[in-house]
Amino acid sequence: GEHVAVYNASYNPALHNTGRAVSVSPASHVTLPGAFARAGVVVDNRGVKPSPSMREKVQELGRMYGCHHCGEFVQLYISDHQPPTVLHIRQDAPQILYTV
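Residues numbered from 1 in each chain as written. Predicted model: local features only at pLDDT ≥ 70, side-chain atom pairs only at ≥ 80, totals over all residues. Heavy atoms only, no water.

Caption draft 1: Up close: the overall build of the chain. Looking only at helices and strands, the chain features one helix and four strands. Secondary structure elements in the chain, listed N-terminal to C-terminal, are β-β-α-β-β. Going through the 100 residues of the chain one by one, you find that 39% of them count as buried. Summing over all exposed atoms, the chain offers an accessible surface of approximately 6100 Å²; the carbon and sulfur share of this is 58%. (Helix = DSSP H or I, 4+ residues; strand = E, 2+ residues; numbered from the N terminus. Buried < 20%, exposed > 50% of the residue type's maximum accessible area, 1.4 Å probe, protein only. Areas by Shrake-Rupley, 256 points an atom, 1.4 Å probe, with all protein chains shown as cover.)

The following block contains the structure:
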């Protein structure tokens, strides 16, 4: 199968979502990885819709960590490009998919 690279964000136990009190989660800016970002999928096809294996990995990470902005756990996650594709101008820096 296709290899999917995973980016590991730094882990802060104080921010780790336990499934409780999501409403008191720290604020996140929509153009940056959120306060609950723990891991993401490295985009290997810039400007193109995520591949099936990339979307599958995003779902797996979502089930483990929840939404990278609010920490909420849902049934289906959206692949959120960080930085957003329209703002990603540095070709030497990776673009990462996080869960929303």
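Caption draft 2: Quick look at empty space enclosed by the protein. Scanning the entire structure with this criterion turns up one cavity of 30 Å³ or more. Class assignment for the residues of the lining of the largest cavity results in six nonpolar, three polar and one charged. (1 Å grid on protein atoms, 1.4 Å probe; cavity = no way out; pocket = protein on both sides within 12 Å on 5 of 7 lines; lining within 4 Å. Points joined across faces, edges and corners; volume = space filled by probe spheres on them. Nonpolar A, V, L, I, M, F, W, Y, C, P; charged D, E, K, R; others polar.)

Caption draft 3: Structural detail: the confidence of the model for the chain. Mean pLDDT over the chain works out to 76, with 69% of the residues at or above the 70 mark. When mean pLDDT is taken per element in the chain, helix H1 (residues 52–65) scores highest with 93 and strand S1 (residues 6–8) scores lowest with 59. (pLDDT = per-residue confidence, 0-100.)

Caption draft 4: View of unusual backbone geometry. The omega torsion across Gln82 and Pro83 is -5°, close enough to zero to call that bond cis. As for its placement among the helices and strands, Pro83 is situated in the loop between strand S3 (79–82) and strand S4 (96–99).

Caption draft 5: Looking closely at the pattern of salt bridges. A full pass over the atoms with the stated rule returns one salt bridge. Where Lys57 meets Glu60, a salt bridge forms, and the shortest distance between an N and an O atom there is 2.9 Å. With a gap of three residues between them, Lys57 and Glu60 both fall in helix H1, about one helical turn apart. Relative accessible area serves as the criterion here: at 32%, Glu60 is assigned to the partly exposed category. (Salt bridge = Lys/Arg side-chain N within 4 Å of Asp/Glu carboxyl O.)

Caption draft 6: Fine view of the side chain of Arg38. Relative to the helices and strands, Arg38 is located in the loop between S1 and strand S2 (39–42). One buried charged residue, Arg38, remains without a salt bridge, the closest side chain of opposite sign being Asp80 at 14 Å. Among the polar contacts made by the side chain of Arg38, one reaches the main-chain carbonyl oxygen of Ala35 at a distance of 3.4 Å. (Lys, Arg positive; Asp, Glu negative; His and termini not counted. Polar contact = N/O pair within 3.5 Å; in protein donor to acceptor, adjacent residues only side chain to side chain.)

Caption draft 7: Spatial organisation of H1. Between the first and last C-alpha of H1 there are 20 Å, a value that for 14 residues agrees with the 20 Å anticipated at 1.5 Å per step. Restricting attention to buried positions, one finds in H1 the residues Ser53, Met54, Val58, Gln59, Leu61 and Gly62. Gly66, located one to two residues past H1, shows a positive phi value of around 80°. (Expected span 1.5 Å × (residues − 1).)

Caption draft 8: Main features of the state of the cysteines. Applying the stated criterion across every chain, the model contains zero disulfides. Between Cys67, a cysteine without a disulfide, and Cys70, which holds the nearest cysteine sulfur, the sulfur-to-sulfur distance is 3.8 Å. (Disulfide = S-S within 2.5 Å.)

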